[in-house]
Amino acid sequence: MMKQVINAICMGGILAMSAFANAQTIYEPTQSAKAQGITLQGWGSGSIAEADEMAYDGSNSIRVSSRNFFQGGKINFSKSVNVASQYSDKGNLLKFTFNVPGATSGGGNAGGGRLGGGMSGAGDGRGGDAGAGGIGQSTPTDISLSKIRVIFTTTDGKHGEAYLDVANVLKDERGWFSVAIPLQSIRGLDKTNKMISNISLSGDAVSTMYLGQLEIVRDTTPVFGEPNVRELNLAFGDEVTFSATGYAGATPVKFLWDFDASDGISVDAEGQVVSRKFRREGTFTVTLTIVDIYGLKTPYKTTISVTVNP
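Residues numbered from 1 in each chain as written. Predicted model: local features only at pLDDT ≥ 70, side-chain atom pairs only at ≥ 80, totals over all residues. Heavy atoms only, no water.

Colleague: Would you mind showing me how to read the side chain of aspartate 172 here?
Modeller: Of note, aspartate 172 is situated in the loop between β12 (170-171) and β13 (176-182). This buried residue, aspartate 172, is left without a salt bridge; arginine 174 holds the nearest opposite charge, at 4.6 Å. Within the local environment of aspartate 172, its side chain forms a polar contact with the backbone nitrogen of glycine 175, the two atoms lying 3.0 Å apart. (Helix = DSSP H or I, 4+ residues; strand = E, 2+ residues; numbered from the N terminus. Buried < 20%, exposed > 50% of the residue type's maximum accessible area, 1.4 Å probe, protein only. Lys, Arg positive; Asp, Glu negative; His and termini not counted. Salt bridge = Lys/Arg side-chain N within 4 Å of Asp/Glu carboxyl O. Polar contact = N/O pair within 3.5 Å; in protein donor to acceptor, adjacent residues only side chain to side chain.)

Colleague: Please explain the pairing of strand β10 (residues 147-154) as it appears in this structure.
Modeller: Across a regular strand the side chains alternate sides, sitting on one face of the sheet and then on the other. Counting buried positions over the 8 residues of β10 gives 8, a clear majority of the element. Both faces of β10 are covered, namely the face carrying Lys147, Arg149, Ile151 and Thr153 and the face carrying Ile148, Val150, Phe152 and Thr154. As defined by bridge partners, β10 adjoins strand β11 (residues 159-165) across 7 bridges and the pair is classed as antiparallel. Bridge pairing in β11 places isoleucine 148 opposite leucine 164. Hairpin connection from β10 to β11: 4 residues lie between these consecutive antiparallel strands, with glycine 157 at a positive phi of about 80°. Relative to strand β14 (residues 195-203), β10 runs antiparallel, the two sharing 7 bridges. Note on β14: the bridge partner recorded for threonine 154 is isoleucine 196. (Pairing = 2+ DSSP bridges.)

Colleague: Would you mind showing me how to read the packing of aromatic side chains here?
Modeller: Aromatic ring pairs are described here by two measures, namely the spacing of the ring centres and the angle between the planes. Taken as a whole and judged by the stated rule, the model has 8 aromatic pairs. An angle of 85° between the planes, with centres 5.0 Å apart, marks the rings of phenylalanine 69 and tyrosine 163 as edge-to-face. Remark: tyrosine 163 occurs in strand β11 and phenylalanine 69 occurs in the loop between β5 (61-66) and β6 (72-82); sequence separation between them is 94 residues. Here the two residues phenylalanine 69 and tyrosine 163 agree in accessibility, since each one is buried. Seen in terms of ring centroids, phenylalanine 96 and phenylalanine 98 are 5.7 Å apart; in terms of plane orientation they differ by 5°. Their pairing is stacked. The two residues phenylalanine 96 and phenylalanine 98 agree in class, both being buried. An aromatic cluster of at least three residues, connected via ring pairs, comprises Phe96, Phe98 and Phe177. (Phe/Tyr/Trp six-rings, centres within 6.5 Å; stacked < 30°, edge-to-face > 60°.)

Colleague: Please explain unusual backbone geometry as it appears in this structure.
Modeller: Residues other than glycine predominantly adopt negative phi, and peptide bonds predominantly adopt the trans conformation. We note that lysine 194 has phi near 65°; this positive angle belongs to a residue other than glycine. Along the chain, the position of lysine 194 falls in the loop between β13 and β14.

Colleague: Looking at this structure, how should I read the pattern of salt bridges?
Modeller: For side chains of opposite charge, pairing can occur when their charged atoms come near one another. Counted by the stated rule, this structure contains 8 salt bridges. Here lysine 297 ties to aspartate 219 by a salt bridge, and the two come within 3.2 Å at their closest N and O atoms. On the criterion of sequence distance, the pair formed by lysine 297 in the loop between β22 (282-292) and β23 (300-309) and aspartate 219 in strand β15 (residues 207-219) is long-range, its members being 78 residues apart. A relative accessible area of 1% places aspartate 219 in the buried class. Arginine 280 serves as the salt-bridge partner of aspartate 260, at 3.0 Å between the closest nitrogen and oxygen. Here arginine 280 lies in the loop between β21 (273-277) and β22 and aspartate 260 lies in the loop between β19 (253-258) and β20 (269-270), a separation of 20 residues in the sequence.

Colleague: Mind showing me how you'd approach the sheet that holds strand β17 (residues 231-235) here?
Modeller: Within a sheet, adjacent strands bond to each other through the backbone by hydrogen bonds, running parallel or antiparallel. Spatially, 5 strands are ordered β17-β23-β22-β19-β20 in an open sheet, and the strand pairing comes out mixed. Two strands lie at the open edges of the sheet, namely β17 and β20, each paired on one side alone. Sheet topology note: the β22/β23 ladder contains 9 bridges and is antiparallel. Bridging across to β23, threonine 289 finds its partner in lysine 301.

As structure tokens, this is what we get:
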């Protein structure tokens, strides 16, 4: 029995600057935290401080040491960050730029691959994961820190919360990577006055992370992608590995596959790389649907024609 393997196409995808318009900077690395009205406070047994040994731009960053989701550091703003006007636009995302020293290469997903989904309940740290994708990066990484917990406290005493999936992000050549989440996808933020007084950061493993930049960007990039093949002619029993690239700007994506458009099943498999063995002859239409994990953008859909010979 022959096994036909179609290799995945890697899509690094340098992020077009035009995709992000009217950015609002919350933490700017070219100025000191003090000059920006920011004070830093340890949380639990975690620690946080301004650092100059590593910088995304300029000469500063914020270093956070954490052991688990319940200890890390708080970033306090002397003047609250008002996101009320940006919240109404589903294209506005909160974008974090991090560096986690000690990351090893290999094991990541190419071109905005499978990145978690869903959000947890605010404040309890026990919910689902919020995926987040790398932006404008080059090489994949596999790091021990897999999720970063972010808690937003607003001036009315309420909270919003997000879990950023960083297990399979892509880094640039200096080790920096970006993860972004739509403001409307931050669990609990809709019930606040959207005036952020502080942001708390922690991780799910013993780690030190450097925050290089924090900003709100408007991303209107549509979802698009490409399968690694458009037409196949196979023998009965051949196994095929399908792959695809996908991109939605700062928004992470996931890949849904339907191997037979006529059988009434809309999703047979999920993943950037999937395998399928065709056990009967005939002509099949394989449908690939690429969606942003938050469901805020119009999905991209395309088809592959497969002929299986007796």
